[in-house]
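Residue strings, one per chain:
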Amino acid sequence: MLAALREDLSVVVARDPSVRGRREAILHPALTALWAHRVAHRMHGRGLRIPARLLARWARRVTAVEIHPGAVLGRRVFIDHGAGVVIGETAVVGDDVTLYHQVTLGAVGWWSDNKRPEGDRRHPVVGAGVILGANATVLGPVTVGDRAVIGAQALVNKDVPGGARVLAPTAVIKEPGRRPELLEDVFTVIASAGSW
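The notes below deal with the structure included here.

Procedures and definitions
- Residues numbered from 1 in each chain as written.
- Predicted model: local features only at pLDDT ≥ 70, side-chain atom pairs only at ≥ 80, totals over all residues.
- Heavy atoms only, no water.
- 1 Å grid on protein atoms, 1.4 Å probe; cavity = no way out; pocket = protein on both sides within 12 Å on 5 of 7 lines; lining within 4 Å.
- Points joined across faces, edges and corners; volume = space filled by probe spheres on them.
- Helix = DSSP H or I, 4+ residues; strand = E, 2+ residues; numbered from the N terminus.
- Nonpolar A, V, L, I, M, F, W, Y, C, P; charged D, E, K, R; others polar.
- Pairing = 2+ DSSP bridges.
- Salt bridge = Lys/Arg side-chain N within 4 Å of Asp/Glu carboxyl O.
- Buried < 20%, exposed > 50% of the residue type's maximum accessible area, 1.4 Å probe, protein only.

Some remarks on empty space enclosed by the protein
1) Next: Counted according to the given criterion, the structure contains 1 cavity of 30 Å³ or more.
2) Next: Looking at the largest cavity, its volume works out to about 50 Å³.
3) Next: Every residue along the wall of the largest cavity is listed here: Ala-33, Ala-36, His-37, Ala-56, Ala-59, Val-65 and Ile-67.
4) Next: The set of elements that each furnish at least two residues to the lining of the largest cavity consists of helix H3 (29-45), helix H4 (49-63) and strand S1 (65-67).
5) Next: Among the elements that make up the lining of the largest cavity, the one with the highest residue count is H3 (3 residues).
6) Next: Classifying every residue of the lining of the largest cavity gives 6 nonpolar, 1 polar and no charged.

Topic: the sheet that holds strand S4 (residues 85-87)
1) Next: The parallel open sheet is built from 5 strands, whose spatial order is S1-S4-S7-S10-S13. In this open sheet, the two strands that pair with only one neighbour each are S1 and strand S13 (155-156).
2) Next: With 2 bridges joining them, S4 and strand S7 (residues 104-106) adopt parallel strand pairing. Of the residues in S7, the one forming a bridge with Ile-87 is Leu-105.

What about the pattern of salt bridges?
1) Next: A complete count under the given rule lists 8 salt bridges for this structure.
2) Next: As a salt-bridge pair, Arg-15 and Asp-96 come within 3.7 Å of each other at their nearest N and O atoms. Of this pair, Arg-15 sits in helix H1 (residues 2-15) while Asp-96 is found in the loop between strand S5 (92-93) and strand S6 (98-99), placing the two residues 81 residues apart along the sequence.
3) Next: In this structure Asp-96 comes out as partly exposed when scored by relative accessible area, which is 30%.
4) Next: When the shortest N-O distance is used, the salt bridge between Arg-116 and Asp-113 registers 2.9 Å.
5) Next: For Arg-116, a relative accessible area of 24% translates into the label partly exposed.
6) Next: Its relative accessible area of 10% is what places Asp-113 among the buried residues.
7) Next: Here the residues in one salt-bridge network are Glu-7, Arg-15, Arg-75, Arg-76 and Asp-96, joined through shared partners.

None of this, on its own, says anything about what the molecule does.
In structure tokens:
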């Protein structure tokens, strides 16, 4: 456990260019969330579910990162910024994964998940070395293969092979004063505005 906590600290220093040393890294909100999760996960695994949930709730309040105590996080996981990150109960996050703010590793929804047999996975499995961009959403019992990149604002609800790139539509730049073309692709414009 102590080795994992030391690695978490080192990862913040290594991957966040705004942090200039271990002392400063201790104040990183994601570090607090990870450390609280590592303790809560052990408690959860030993049947201390209520105390584990209380610790997770405290961490969420302090850091804006919500990690269910049942989720499994690998080594050297880095959550940059932290704000709005949600990781569900049956999620598994591999080693050396980077998550940016507002990433969700969630379930499909109670209407579907309540029909699953007890103990079935409801959340994603994220392989080693994966990068999840800002506001990326991965839903359901899908698998994201090793070293895949899930781009900002991408919505993933199917398996992603290792090394793949999943990218959301990017913004459409219109020249000043240019009028829209009559049959412009409305769905591309709407999707690029982030309204999905």
